[in-house]
Amino acid sequence: MNTLLPKLGLRCVVLLFLFQGTANAQSVINRSLAAADKQGVLEPYRDTEVATAEMGVVRELFVKPGDVIEEKAEIGRLDNEQQRLLVSEAELDAGAFGMLETVRRECEFNMRRVNETAKIVASGNSSPKELERFQLDLNISKAKLQAQEEAKLISQARLEKAQLMFHERTIRAPHGGTVVAVNRDIGEYIAGNAPSIIRLVDTSKLRARFYLTDEAADRFRKTGRAEIRLANHVVVSAEVEFIAPFAIADGAVIEMTVVIDNPNGNIRSSKCELVQN
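Caption draft 1: Geometry of the overall build of the chain. Within the chain one finds five helices and twelve strands. In the structure as shown, the chain presents an accessible area of about 18,000 Å², 57% of it carried by carbon and sulfur atoms.

Caption draft 2: Geometry of helix α3 (residues 98-123). Spanning 26 residues, α3 covers 38 Å between terminal C-alpha atoms, matching the ideal 38 Å at 1.5 Å per step. Along α3, the positions that sit buried rather than exposed are L100, V103, C107, N110, V114, T117 and V121. Looking at the buried side of α3, the elements it contacts are α4 (128-167). Remark: G124 follows α3 within two positions and exhibits a positive phi of approximately 85°.

Caption draft 3: Here's a closer look at the confidence of the model for the chain. Summing up the model confidence of the chain, the mean pLDDT is 86 and the portion of residues at 70 or higher is 85%. Contacts for the low-pLDDT stretch residues 4-8, under 50 throughout, to residues beyond four places or in other chains number zero contacts. Confidence drops under a pLDDT of 50 for residues 21-33, and excluding neighbours within four residues, the segment shows three contacts in the predicted structure.

Caption draft 4: Representation of unusual backbone geometry within the structure. Even without glycine at this site, K72 takes up a positive phi of about 70°. Tracing the backbone through its elements, the reader meets K72 in the loop between β3 (68-69) and β4 (74-78). Taking relative accessible area as the criterion, K72 reaches 61% and is therefore assigned exposed.

Caption draft 5: Structural view of the pattern of salt bridges. Inspection of the entire model under this criterion finds 18 salt bridges. The partner of R46 in a salt bridge is D202, with the nearest N and O atoms 3.0 Å apart. Remark: D202 occurs in strand β8 (residues 196-212) and R46 occurs in strand β1 (residues 39-51); sequence separation between them is 156 residues. According to the relative accessible area criterion, D202 is buried, its value standing at 6%. For R207, the salt bridge identified is with E241, shortest N-O distance 2.8 Å.

Caption draft 6: Quick look at helix α5 (residues 214-223). For α5, the complete set of buried residues consists of A216, A217 and F220. Projected onto a plane normal to the axis of α5, the buried residues spread over an arc of 100° and lie on a single side. In α5, the exposed positions angled more than 90 degrees off the buried face are occupied by E215 and K222. Packing partners of the buried residues in α5 comprise β8, β9 (225-230), β10 (235-243), β11 (254-261) and β12 (271-275). G224 lies just past α5 and shows a positive phi near 75°.

Caption draft 7: Fine view of the sheet that holds strand β2 (residues 56-61). The sheet built from four strands is open, its strands ordered β5-β4-β2-β7 with antiparallel pairing. Single-partner strands in this sheet number two, and they are β5 (170-172) and β7 (189-190). Judged from the three bridges that link them, β2 and β4 form a sheet pairing that is antiparallel. Looking at β4, one finds that E60 is bridged to R77.

Caption draft 8: Spatial organisation of the environment of A162. Mapped onto the elements, A162 comes out in helix α4. Looking at A162, the relative accessible area reads 7%, which means it is buried. Along the chain, A162 and R84 lie 78 residues apart, while their C-alpha atoms are 8.2 Å from each other. If we ignore the near neighbours within four places in the chain, the residues touching A162 are L86, V87 and A90.

Caption draft 9: Fine view of the pairing of strand β6 (residues 177-182). With two bridges joining them, β3 and β6 adopt antiparallel strand pairing. If you follow V68 over to β6, its bridge partner there is T178. As paired strands, β6 and β8 are joined by four bridges and run antiparallel to one another. Pairing of V182 across the sheet is with I198, part of β8.

Caption draft 10: Just the pairing of β1, in detail. Bridge count between β1 and β12: three bridges; the pairing is antiparallel. The residue of β12 that forms the bridge with V41 is K271. As defined by bridge partners, β1 adjoins β8 across nine bridges and the pair is classed as antiparallel. The partner of A51 across the bridge, within β8, is S196.

The rules behind these values
- The numbering scheme is per chain: residues are counted from 1 as the chain's sequence reads.
- With the structure being a predicted model, the display of local features is reserved for residues of pLDDT at least 70 and the display and counting of side-chain atom pairs for 80 or more, all residues being used for whole-chain, interface and lining totals.
- The side-chain figures draw on all heavy atoms in the structure; neither hydrogens nor water molecules are used.
- Strands here mean DSSP runs of E at least two residues long; helices mean DSSP runs of H or I at least four residues long; both are numbered from the N terminus.
- Computed with a 1.4 Å probe, the accessible areas rest on the Shrake-Rupley method; for each residue, only the protein chains presented here act as cover.
- Here the expected length of a helix is defined as 1.5 Å per residue gap, with one fewer gap than residues.
- Burial classes follow relative accessibility: with a 1.4 Å probe on protein chains only, a residue under 20% of its type's maximum area counts as buried, one over 50% as exposed, and anything between as partly exposed.
- Residue contacts are counted whenever heavy atoms from the two residues lie within 4.5 Å of one another.
- Within a predicted model, pLDDT stands for the predictor's per-residue confidence, ranging from 0 to 100.
- Any Lys or Arg side-chain nitrogen located within 4 Å of an Asp or Glu carboxyl oxygen qualifies as a salt bridge.
- Throughout, the arc means that of the directions going from the helix axis to the C-beta atoms.
- When DSSP finds two or more bridges between a pair of strands, those strands are recorded as paired.

Below, the structure written as structure tokens:
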């Protein structure tokens with residue numbers, strides 16, 4: 001009995017030490033989480049490696065790093081000599097109406113002949129077989145006319161395809177923004193495995209990402225707005241863009257992104273802090 005009490009006392013001390021260590025560790029984690037979830041990094045709203053679906057040699061470049069361009073602005077142009085010839089050929093084909101006009105006139109002639117012969121047959125001055133032969137000629141000419149009209153529709157579709165292929169040799173900006181890098185120079189080949197020609201960023205809005213506790217995330221779900229303190233200590237209002245529906249697997253935090261308007265480009269610092277009231 002005397003030897004049992006010291007053993008129990010020792011075990012109690014060990015358990016108490018472990019409990020205090022776990023509590024202290026959890027307290028450190030909580031403090032770290034509280035500090036970490038306030039810090040964010042501002043990034044451009046859109047950061048795009050502008051690519052082309054076409055392959056070819058760069059013939060012209062219309063931008064350089066630092067240029068501010070609008071959506072659909074021309075960035076560069078690939079070699080397009082072959083596509084230009086295809087457009088010219090398709091335009092000639094689509095604009096050729098000689099055969100169509102010939103078949104149309106033939107059809108009109110056969111129609112008049114059938115009508116006149118039908119009157120003569122009705123008066124008994126012509127054979128019905130002759131009318132049947134003229135009717136057959138009319139049916140054949142109608143089929144030819146339909147074939148020519150369908151061929152003309154196909155020619156128009158080929159022209160539109162050739163024009164589209166020619167149009168796609170010019171690379172255009174998918175959105176407005178600032179050119180921060182030019183990846184290809186005039187004379188270089190753009191291949192399918194490396195189609196990017198420039199890097200374009202849109203800083204008219206900025207996005208910040210934070211990692212919150214569940215309680216804080218619920219607060220922002222209700223308000224839909226957040227206050228952000230910039231590096232110069234100015235506080236701006238931001239719109240909540242996204243809050244994850246569940247916590248990240250390796251921690252008890254929930255991701256939230258917010259969007260800050262920056263139409264004049266005055267905000268340039270990447271550091272920011274979430275103001276939690």
